[in-house]
Amino acid sequence: MRFLTFSLLVFLSGLLLPPLVVAAELDLSQFERLAPSAYRDMLRDAATDYGAKRYDASFAKFKRLACAGDKQSQSALGRMYMLGQGVKRDDLTGYAWLRLAAEVIYPKYQSVARQLEEAMTPEQREIADARVAFLSARYSLGNSRMSCTLNASKGGHIIDRIICTPQREGRRLLLRICDDRDPD
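Quick caveat: nothing in here was measured; it's all calculated off a predicted structure.

Section: unusual backbone geometry
Even without being glycine, K53 reaches a positive phi, approximately 60°. The topology assignment puts K53 in the loop between α2 (36-51) and α3 (55-67).

Below, the structure written as structure tokens:
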């Protein structure tokens, strides 16, 4: 099967992440409304800016998309924190974003998160876990209203892509707005 359903992903992610608190009714004032074409353009522009080494512009776009719940953007943001690209280097915050991206059962994301966990001291792990909890409470799949599926891009059986889609409100997409408080 080329796609895993959102329900299965959420169920399986609960086996790997700390329990997430999902409010029955989210405050929709925490979401911006965006045309689908603007969302696609933002995804493309973030990757284009990154490829052109325009890290400041790329970081801002990836952060906006990561807060909206896009898993590829959360992974990119985590790497940028760890490499100090467009932001001051912060390994623990980078790990937290990577761990949140691993909420979907995608081996590449889970492998990176696991390797980072193994390299941490207990003190670092405690700080990092608090940051993961902070981000999860805001930008997990359930709290961002994002739906993600795993896909085999070449039509085969190897899952190599995650496609995330924000919830719709009429003709607009709902994108979770970033909470600018520090996750410490």
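Here the narrative resumes, following the displayed structure.
Description of the layout of surface pockets
Roughly 440 Å³ of volume is contained in the largest pocket. Lining the largest pocket are 21 residues, and of these L43, D70, Q72, I162 and C164 lie nearest its centre. At the level of secondary structure, the elements contributing two or more residues to the lining of the largest pocket comprise α2, α4 (71-83) and β3 (161-166). It is β3 that contributes the most residues to the lining of the largest pocket, six residues altogether. Partitioning the lining of the largest pocket into residue classes produces 12 nonpolar, four polar and five charged.

Regarding α3
In this model α3 runs 18 Å from its N-terminal to its C-terminal C-alpha over 13 residues, within 8% of the 18 Å that 1.5 Å per residue would give. When we look at burial in α3, the residues that qualify are S58, F59, F62, L65, A66 and C67. Looking at the packing, one finds that the buried side of α3 touches α2, α4, α5 (91-101), α7 (122-139), α8 (141-144) and β5 (172-176). Following α3 by one or two positions, G69 adopts a phi angle in the positive range, close to 105°.

What counts, and where the lines are drawn
- Residues numbered from 1 in each chain as written.
- Predicted model: local features only at pLDDT ≥ 70, side-chain atom pairs only at ≥ 80, totals over all residues.
- Heavy atoms only, no water.
- Helix = DSSP H or I, 4+ residues; strand = E, 2+ residues; numbered from the N terminus.
- 1 Å grid on protein atoms, 1.4 Å probe; cavity = no way out; pocket = protein on both sides within 12 Å on 5 of 7 lines; lining within 4 Å.
- Points joined across faces, edges and corners; volume = space filled by probe spheres on them.
- Nonpolar A, V, L, I, M, F, W, Y, C, P; charged D, E, K, R; others polar.
- Expected span 1.5 Å × (residues − 1).
- Buried < 20%, exposed > 50% of the residue type's maximum accessible area, 1.4 Å probe, protein only.
- Contact = heavy atoms within 4.5 Å.

On their own, these measurements won't tell you what the molecule is for.
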